[in-house]
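Residue-level listing of the chains:
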Amino acid sequence: MKADEVEFVAEVARAGAGLSVERDKLYVIESRLAPVARREGFGSIRDLLLAARHRREGKLMWAVVEAMAGGETSFFRDPAIFARFRDEMLPELARRRGRAPVRVWSAGCSTGEEPYTLAMFLLEEKDKLLAGWTFDILATDLNDNSLEAARAGIYGEYALRNTSDVLRRKYFKDAGDKKLQANDLLKAPIRFDRINLSDDSKMLFQKGIDVIFCCNVLIYFDLASKRRVVQHFYSNLLPGGYLFMGHAESLFQVNESFRLVHFLGTTAYSKPTALQAAGAKK
Amino acid sequence: MKAKLHSQLQAQIKKLDSISAAPAILTPLLNMLRLPSDKIRVEKVVELVSYDGSIAAQCLRLANSPLFGCREIETVRSAVMALGLERVRSILFGLYVNRVIPQDKWVIDPDAFWRHSLGCALVTQRMAQKIEYPEPEKAYMAGLLHDLGFLVNSVLYNEDFRECLRRAAEQHVPLHVIEEQVLGFTHCESGQMLCEHWGLSKELVDAARCHHDVSLLPTAGPLACLVHLSDLLCRARYLGYGYDEIMGVDLGSDAAWQTLVTTFPALGNMDLVRFTLDIDGAMDKIVATVDSVFGVKKIAALATT
């Protein structure tokens, strides 16, 4: 990378999320941007940055910011996904299943932002949509350090930047050093576990799941492994269940059984119910 | 009952022209552009466009807009050449429509309307190119005009249509569902009649009529199917009517998709997630173009009524 490219990345990361990029750690910058370039369909980091720079495209700029934030993600990162989960999927589940326990799986939960966000959404509906229901969230990751951080649930301002004061007061406690820690109420519905998505024997045991969130995890998998994991997800889900993936991720030519569903502002894959499957065959 | 309603509607639509304030030059221009392309005299089009300052300005604006690469185009002639006759025709229709509606009659936010229409035009055209449909410009036109019925309903059934939009937004359901309950007909039907009244081609009329239900036609043409799918896609990407809809659309199982796949096998090779992402990427351009071309001022946003 050239000096002006590094400068550009540092500036974008600073303006976008107040991140400070250490300009001398070239290998860190490159190792974070390379997967983004691949994912966005560019031949090299240089091409990615050229496009971001000249087209000033919001999506690309943000991808660069996120990459530079590293594993550090945030709560409510993709509001459309969680809003559709709450407004469209939960009512549908309620209609179909009555008050059976809702099981949600955050596959590749990293340092826990996603499962805690899900927990907040579900807890907020506890007295409304989900009155009388039980629910549990399975949060898994391959990386022990990430899981340990997730279990501890301590976050700084960057991760919490989209979390309202009301939610902060309700679900977090002060952890000193300007940080907040998830309280017991927020931790209660979540079960953290180490699962390697490529480990067939463990994947087989996950059953009866309603919704799987696996965002920006499979982008690092090759096609054959991706196919295997997604086939497992298909068996893990109950009929009518949904799989959410990252924005730029697609099951095109990966899996034919899932059906792509467009929601307002987001897409999800659904496992057809017996009725839908029969209708499709006609 | 429905037949009576339809003939009433038809009679009203015929009167629409007389209440419009469309510039006189538009009619001969549109007549000229309605001819087969080998019969159109480009010089005559340039001349007619030049007569009306506002039309000329719109052509220049669009030719210089982000969609056309922000080139420096300064003459009407080069603007017309850069845009192509089909695109000029679309602009004229847009202008025409804008002036048919008196400002106080807009029920839907004009910004939302033009974003949805132009978004749909661009997506229809893009999809047409992907599946190698022979006339992508016609697809653009079909997308642009599919919701003309909104304008008919705004002018002729102002209060009732306002109520439709209010209820649709409140219940987060598609507008045509409520229109059927409140008005007894939908913008698809009134749009179809306006398209017929304006002498548009049968394919464009069909696209307006069937864009929410392709099964209305015994054999839905590709244009109607394309518009139906792009309309859904646009609404799923915040290019709808200005309110949030509860949806959950499986395009791959849609009758329109199935019909198209049999005629255009290339559709089977389309990664819809990628395509949807393309639309997200083009969104800024769509919004910028609508703003620069139509320069619509927010007149009566739904929220304020």
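Further up the page is the structure itself.
Residues numbered from 1 in each chain as written. Chains lettered and ligands numbered in written order. Predicted model: local features only at pLDDT ≥ 70, side-chain atom pairs only at ≥ 80, totals over all residues. Heavy atoms only, no water.

Hey, could you run me through the overall build of chain A in this one?
Summing up its helical and strand segments, chain A has 12 helices and 10 strands in all. Taking 19 Å as the expected radius of gyration for a compact globule of 282 residues, we find that chain A reaches 20 Å, a close match to that expectation. Based on the C-alpha atoms only, the size of chain A along its principal axes is roughly 60 × 50 × 35 Å. When burial is assessed residue by residue, chain A has 52% of its 282 residues classed as buried. Counting contacts in chain A only where the partners sit at least 6 residues apart, residues at least 24 apart contribute 72% of the total. As displayed, chain A offers around 13,300 Å² of accessible surface, 52% of which is attributable to carbon and sulfur atoms. Charge-centre separation for chain A: the mean point of 42 positive side chains lies 5 Å from the mean point of 37 negative side chains. (Helix = DSSP H or I, 4+ residues; strand = E, 2+ residues; numbered from the N terminus. Rg over C-alpha atoms; globule rule 2.2 N^0.38 Å. Buried < 20%, exposed > 50% of the residue type's maximum accessible area, 1.4 Å probe, protein only. Contact = heavy atoms within 4.5 Å. Areas by Shrake-Rupley, 256 points an atom, 1.4 Å probe, with all protein chains shown as cover. Lys, Arg positive; Asp, Glu negative; His and termini not counted. Charge placed at Lys NZ, Arg CZ, Asp CG, Glu CD.)

What exactly am I supposed to notice about the packing of aromatic side chains here?
Aromatic rings in a pair are described by how distant their centres are and how their planes are angled relative to each other. According to the stated counting rule, one finds 18 aromatic pairs over all chains in the structure shown. Ring centres of Trp105 of chain A and Phe233 of chain A lie 5.5 Å apart, and the angle between their planes is 90 degrees; this geometry places the pair in the edge-to-face category. One end of the pair, Trp105 of chain A, is in strand E1 (residues 102-107); the other, Phe233 of chain A, is in helix H11 (residues 223-236), with 128 residues separating them in the sequence. Both residues of the pair, Trp105 of chain A and Phe233 of chain A, belong to the buried class. Note on Phe150 of chain B and Tyr241 of chain B: the rings are 5.1 Å apart at their centroids and 70 degrees apart in plane angle, and the pair reads as edge-to-face. Highlighted residues: Phe150 of chain B in helix H9 (residues 148-156) and Tyr241 of chain B in the loop between helix H14 (222-236) and helix H15 (255-263), separated in sequence by 91 residues. A residue is classified by how much of its surface remains accessible, and Phe150 of chain B, at 0% relative accessible area, is buried. Through successive ring pairs, a cluster of aromatic residues spans Trp106, Phe113, Trp114, Phe150, Phe161, Tyr241 and Tyr243 of chain B. The ring of Tyr158 of chain A carries the charged tip of Arg161 of chain A above its face, separated from the ring centre by 4.1 Å. (Phe/Tyr/Trp six-rings, centres within 6.5 Å; stacked < 30°, edge-to-face > 60°. Lys NZ or Arg CZ within 6 Å of the ring centre and 35° of its normal.)

By themselves these figures say nothing about function.
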